[in-house]
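# Chains, contacts and geometry: an overview
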Amino acid sequence: MAEEKEFKKLQEKLLYKSPHVWDKLDPDEKKALETLAQDYRNFISQAKTERECAEEICKLLEKRGFHPESTTRFYKVFRNKLVVAVVAGRKPLNEGIRLIASHIDSPRLDLKLHPLFEEYEMAYFKTHYYGGIKKYHWVAMPLALHGVVVKEDGEVMKIVIGEDPEDPVLTICDLLPHLARKVQGEKKLREAIPGEKLNVLVGGLPLPDSEEKERVKLAILQLLNARYGLVEEDFISAELEIVPAGQAREVGLDRAFIGGYGQDDRICAFTSLAAILNLEAPLYTSIALFLDKEEIGSDGNTGAKSRILEKIYFDLLKIFRASVSADMVLEMFLGTRAISADVTAGIDPFYQEVHEKLNDAKMGHGVVVTKYTGHGGKYAANDAHAEYVGWLRRVLNRARVIWQAASFGKVDEGGGGTVAKYLAYHGMDIIDMGPPLLSMHSPFEVCHKGDLYMTYRAYKAFFEAAEE
Ligand code: MN
Ligand code: MN
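As the structure is a prediction and not an experimental result, all values here were calculated from the model. (Residues numbered from 1 in each chain as written. Chains lettered and ligands numbered in written order. Predicted model: local features only at pLDDT ≥ 70, side-chain atom pairs only at ≥ 80, totals over all residues. Heavy atoms only, no water.)

## So, the packing of helix 3 (residues 27–46) against helix 8 (residues 263–277)
Here is the rule: All axes are obtained by fitting lines to C-alpha atoms, using only the stretch in contact for helices, and the reported angles, taken between N-to-C directions, cover 0 to 180 degrees. Per the convention used, a helix needs a DSSP run of H or I reaching at least four residues, while a strand needs a run of E reaching at least two, with both numbered from the N terminus. Relative orientations are named as follows: roughly parallel for angles under 35 degrees, roughly antiparallel for angles over 145 degrees, roughly perpendicular for angles from 65 to 115 degrees, and oblique for any other angle. Each helix crossing is assigned a hand: it is left-handed if the near helix lies turned anticlockwise from the far helix by less than a right angle, otherwise right-handed if that turn is clockwise. Note on contacts: a residue pair qualifies if any of its non-hydrogen atoms lie within 4.5 Å across the two residues. When residues are grouped by polarity, Ala, Val, Leu, Ile, Met, Phe, Trp, Tyr, Cys and Pro land in nonpolar, Asp, Glu, Lys and Arg in charged, and all others, Gly among them, in polar.
Orientation of helix 3 relative to helix 8, taken along the N-to-C sense of each, is 125 degrees, at an axis distance of 10 Å. The pairing of helix 3 with helix 8 is recorded here as oblique in orientation. As helix 3 runs across helix 8, the sense of the crossing is right-handed. Along its contact with helix 3, which presents Leu36, Asp39, Tyr40, Phe43 and Ile44, the element helix 8 presents Gln263, Arg266, Ile267, Phe270 and Ala274. Considered class by class, the residues forming the contact of helix 3 with helix 8 number 7 nonpolar, 1 polar and 2 charged.

This is how it looks when you write it as structure tokens:
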């Protein structure tokens with residue numbers, strides 16, 4: 001009996017435990033969690049492109065007193081796709097900065113430059129997928145069209161079709177099983193649906209001259225012209241994205257989860273936005289950065305590899321009326337503590353063979369700290385320094401955040417990267433931290449509400465941390 005007690009005591013003292021979020025929340029916290037979850041569902045139901053996210057983020061920032069001209073609560077949007085929000089700290093910029101970077105682009109299908117064609121009296125849009133998708137996910141489901149068309153005279157036309165209950169939706173038809181045995185059934189899963197077959201059905205009513213060809217295509221152009229003033233050449237200067245139609249939903253009989261499109265990485269964008277919206281006069285200047293192009297390698301002038309962050313740091317010196325110099329900016333970079341806010345893979349119980357259960361993330365066990373990503377031998381990883389991880393541990397534990405430390409699948413099984421390494425290039429300390437998802441990169445990704453809430457709490461604690 002005494003031995004048993006001793007054993008328990010040793011367990012208590014020595015063993016690492018990863019509690020379930022639900023075991024740790026009091027009734028008030030559960031209420032706060034539900035409010036956050038509802039706001040989050042609204043956010044991802046509405047903002048389905050990087051532009052729509054940027055616009056929504058700016059709207060919420062304005063509402064909470066952020067302004068492009070403010071010297072205390074400042075924000076700026078670049079090329080309608082990248083947003084930065086800053087709350088001035090009490091300490092000077094060279095004594096430390098806190099930065100959380102998420103991305104607001106998500107995998108999807110983009111319309112090609114010449115998208116519209118007709119086959120067998122049906123009109124279609126050709127697409128080119130953006131980011132890592134499983135192509136079979138995108139057939140036989142309701143789809144919506146979101147984006148902008150820039151006309152020759154510079155007018156920007158916003159388009160959203162397929163979200164209002166009165167709207168029609170679009171779809172990519174799949175082959176019936178009866179005829180699919182050879183052409184799909186005998187192929188590898190990733191080859192079963194070729195990219196060039198991801199054509200979106202958009203019309204079937206011909207114009208009334210039976211002697212002419214392509215009557216349906218012309219009818220669709222007529223419709224787009226009547227409604228938006230478009231001509232076919234306008235598609236060339238457009239960014240039109242095909243995304244899953246409809247709202248994000250609660251999932252599970254107990255409503256434990258949220259299912260919806262674009263949670264990678266809008267769950268981190270939303271929670272870091274919520275954290276900075278609620279931030280008042282922190283010790284260190286705090287930055288929430290919402291990036292584009294992560295899903296295609298962070299290239300381009302709105303991605304993490306661009307020099308926009310340098311521009312932002314120079315601007316901060318001007319805004320806060322400090323002396324502007326390149327050396328000062330480097331000092332600021334080196335003194336920045338950053339979070340690469342991105343999702344990770346939750347353990348899928350039915351594909352345990354790709355996971356390493358001791359080291360992968362568990363749904364419902366809180367926000368995930370990922371020291372390194374990369375693949376095979378940590379290649380191309382930002383491996384956060386132990387000192388930095390130690391500091392973050394201290395911050396999270398003191399703020400009573402439920403968190404777990406996890407990596408991304410078995411060694412040599414695959415892997416992935418985030419913006420961490422591109423931001424680390426500037427000299428800052430950075431680590432990945434975000435919630436685990438199931439069905440990541442699918443049209444209906446799933447998060448646990450407990451993890452959503454703890455991600456918010458973690459980002460808030462990070463911004464507010466006074467720990468050295
Ligand atoms: Mn991501
Ligand atoms: Mn991703």
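## A closer look at the side chain of Asp264
Worth spelling out the cut-off: Whether a residue is buried, partly exposed or exposed follows from its accessible area with a 1.4 Å probe, protein chains only, as a fraction of its type maximum: under 20%, in between, or over 50%, in that order. When charges are counted, Lys and Arg contribute as positive and Asp and Glu as negative, whereas His and the chain ends are disregarded. Every case where a carboxyl oxygen of Asp or Glu lies within 4 Å of a side-chain nitrogen of Lys or Arg is listed as a salt bridge. For this analysis, a polar contact is any N or O atom pair within 3.5 Å, provided that within protein one partner can donate a hydrogen and the other can accept it, and provided that sequence-adjacent residues contribute only side-chain to side-chain pairs.
Checked against the element boundaries, Asp264 lands in helix 8. There is no salt bridge for the buried Asp264, and the closest opposite charge comes from Arg266, which lies 8.6 Å off by N-O distance. At a separation of 3.0 Å, a polar atom in the side chain of Asp264 contacts the side chain of His103. Apart from the residues lying within four places of it in its own chain, the contact partners of Asp264 are His103, Asp105, Ser106, Pro107, Glu295, Asp342, Val343, Leu437, Met440, His441 and Glu445.

## Some details on the sheet that holds strand 3 (residues 97–103)
Let me state the cut-off plainly: The criterion for strand pairing is that DSSP finds at least two bridges linking the strands in question.
Spatial strand order, 1-2-12-3-13-19-15-17: 8 strands in an open sheet with mixed pairing. One side of each edge strand has no neighbouring strand; the edge strands of this open sheet are strand 1 (73–78) and strand 17 (403–405). Here the strands of the sheet are splayed against their neighbours by 20 degrees on average, with no regard to which way each runs. By the bridge criterion, 3 bridges tie strand 15 (residues 367–370) to strand 17 in an arrangement that is parallel. Opposite Val368, over in strand 17, you have Gln404 as the bridge partner. Of the strands in this sheet, strand 1, strand 2 (82–87), strand 3, strand 12 (285–291) and strand 19 (429–434) are in contact with helix 8, which crosses strand 3 at around 145 degrees.

## Regarding the packing of helix 3 against helix 13 (residues 449–464)
For the pair helix 3 and helix 13, interaxial distance at closest approach is 9 Å and the crossing angle is 95 degrees. Overall, the two elements helix 3 and helix 13 adopt an arrangement that is roughly perpendicular. Facing Glu29, Ala32, Leu33, Glu34, Leu36, Ala37 and Tyr40 of helix 3, the residues of helix 13 in contact are Lys449, Gly450, Leu452, Tyr453, Tyr456 and Arg457. Split by residue class, the contact of helix 3 with helix 13 holds 8 nonpolar, 1 polar and 4 charged.

## Points about the nonpolar core
We apply this condition: Residues grouped as a nonpolar core are buried Ala, Val, Leu, Ile, Met, Phe, Trp, Tyr and Cys residues, joined through side-chain atoms within 4.5 Å.
Core analysis: the largest hydrophobic core is formed by 64 residues, its most contacted members being Leu61, Ile276, Ile339, Leu392 and Met433. Those residues within four positions of Leu392 in sequence are excluded, and the remaining contacts are Ile339, Val369, Ile431, Met433 and Phe462.

## Some words on unusual backbone geometry
A cis amide bond, omega 10 degrees, links Asp264 with the succeeding residue Asp265. Inspection of the secondary structure assignment puts Asp265 in helix 8. A positive phi angle, close to 50 degrees, is found at Arg79, a residue other than glycine. Along the polypeptide, Arg79 turns up in the loop between strand 1 and strand 2. For Arg79, a relative accessible area of 58% corresponds to the exposed category. Of note, the phi angle at Asp412 is positive, near 65 degrees, even though the residue is not glycine.

## So, the coordination of the manganese ion (ligand 1)
The cut-off we apply is this: For Na, K and Ca the donor cutoff is 3.2 Å, while for all other metals N, O and S atoms must lie within 2.8 Å; water is not among the atoms, so some sites may look incomplete.
The coordination sphere of the manganese ion (ligand 1), as far as protein atoms go, consists of His103 (NE2), Asp264 (OD), Asp342 (OD) and Asp342 (OD), spread over 2.1 to 2.6 Å. Site description for the manganese ion (ligand 1): donor spacing in sequence, H-x160-D-x77-D. Metal-to-metal, the separation of the manganese ion (ligand 1) and the manganese ion (ligand 2) is 3.3 Å; Asp264 coordinates the two. Placement of His103 in strand 3 and of Asp342 in the loop between strand 13 (336–340) and strand 14 (344–345) is noted, with a sequence separation of 239 residues between them.

## Some words on the domain arrangement of the chain
Filter applied, for reference: An automatic or database domain assignment is the source of the domain bounds shown. We define buried area as the total accessible area lost by two parts upon association, computed with a 1.4 Å probe and summed across both.
Considered domain by domain, the chain is made up of domain 1 (11–106 + 261–464) and domain 2 (108–244). Centre-to-centre separation of domain 1 and domain 2, based on C-alpha positions: 34 Å. Across the boundary between the two partners, domain 1 contributes 18 residues, which contact 17 residues of domain 2. Carbon and sulfur atoms make up 49% of the area that domain 1 and domain 2 hide from each other, which totals about 1400 Å².

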